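The primary structure of each chain is shown beneath.
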Amino acid sequence: MQPGPPYHQGPQQPYPPQGYPGYPQPGYGPPPKKSNAGLIIGLVIAAVVVLGGGGVAAVLLLSNDSGSSSAAPTSSKKSGPPDKYAAMPGCEKIGSGVRNLPPLETPKGEEPASTSNNDVVYTVSSCSWRESGAPSALVTMYLSKSKEPGTGSGEDWAKAGYDNAMRDGGEVIPTLAKATKAGYNDIRSAGQCSIKLYQGNVEAQVIVSGAEPSKPIDQKLCKENALKVAKATSEAIG
């Protein structure tokens, strides 16, 4: 018996299940006739797989197209209000807004201040009015300038100082001149009272002390005096 014709690789067709004796082997006669039921079932399954796969591919293609066309570019850059102030007011300007203050001590001017915030340039300026045997007033102002303009870091840092003071036993003052927010903050001293405020990217603290800070004073009168100084500070900031 002559061997059957050699196997030639042709176009890929749906293949029969493993072990299906559909191909002759060299040295053997033609295979016995078999039912075509298995082949028909295999072709049907292959067609379903091809069509199903094409459907999935089409869905994925459409999904990718719609996603790429509708997705907007995202940015991780922080945005916020621009810094309102580039400098702090002089002590003389604050003092001119309050009558009967003790003499002003020589101001040191604006100096660098330490901060844990790497997004701002932080400076401090202080004003002190003192006289022996009389109540005194101290105003400390902190300026937070955003290192990157347009990020709002300056105002965020000023606001954080005020928020911390209010959470730590503060009493909000509803209105205070142009100050964005203000409140009496607890400094745990019977001989002093304090007001914390922030306005734009400037944070300020006003402390009024009695003639003898170590002795208790009339807190109501102290708060009235502190409010006068705080209003003058807010107006001077602008």
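Preceding this paragraph is the structure being described.
Quick look at the structure, then.

Conventions and cut-offs
- Residues numbered from 1 in each chain as written.
- Predicted model: local features only at pLDDT ≥ 70, side-chain atom pairs only at ≥ 80, totals over all residues.
- Heavy atoms only, no water.
- Helix = DSSP H or I, 4+ residues; strand = E, 2+ residues; numbered from the N terminus.
- Buried < 20%, exposed > 50% of the residue type's maximum accessible area, 1.4 Å probe, protein only.
- Contact = heavy atoms within 4.5 Å.
- Areas by Shrake-Rupley, 256 points an atom, 1.4 Å probe, with all protein chains shown as cover.
- Pairing = 2+ DSSP bridges.
- Axes fitted to C-alpha atoms, helices over the stretch in contact; angles between N-to-C directions.
- Disulfide = S-S within 2.5 Å.

1. Focus: the overall build of the chain
Along the chain, the regular secondary structure elements total four helices and seven strands. Within the span of the chain, comprising 238 residues, buried residues form 30% of the whole. Sequence separation of at least 24 residues holds for 57% of the intrachain contacts in the chain that already meet a minimum separation of 6. A total accessible area of about 15500 Å² is found for the chain, and carbon and sulfur atoms account for 57% of it.

2. Some thoughts on the sheet that holds strand 5 (residues 181-184)
With antiparallel pairing, the seven strands of this open sheet are ordered in space as 1-2-3-7-6-5-4. Two strands bound the open sheet, and with one partner strand each, they are strand 1 (111-112) and strand 4 (171-172). Across four bridges, strand 5 lies against strand 6 (residues 192-199) in antiparallel orientation. Paired with Ala182 across the two strands is Leu197, which belongs to strand 6. Taken strand by strand, helix 3 (residues 153-167) contacts strand 2 (120-129), strand 3 (136-146), strand 4, strand 5, strand 6 and strand 7 (202-209), and its axis lies near 150° from that of strand 6. Here helix 4 (residues 219-237) sits on the sheet in contact with strand 3, strand 4, strand 5, strand 6 and strand 7, set at roughly 25° to strand 6.

3. Quick word on the state of the cysteines
Inspection of the entire model under this criterion finds two disulfides. The partner cysteine of Cys91 in its disulfide is Cys127, sulfur to sulfur 2.0 Å. On the sign convention where negative is left-handed, the bridge of Cys91 and Cys127, at about -80° about the S-S bond, is left-handed. Of the two residues, Cys91 sits in helix 2 (residues 91-95) while Cys127 sits in strand 2, which places them 36 residues apart along the sequence. Two residues, Cys193 and Cys222, share a disulfide whose sulfurs are 2.1 Å apart. Every disulfide takes its handedness from the sign of the S-S torsion; for Cys193 and Cys222 that torsion is -95°, giving left-handed. Highlighted residues: Cys193 in strand 6 and Cys222 in helix 4, separated in sequence by 29 residues.

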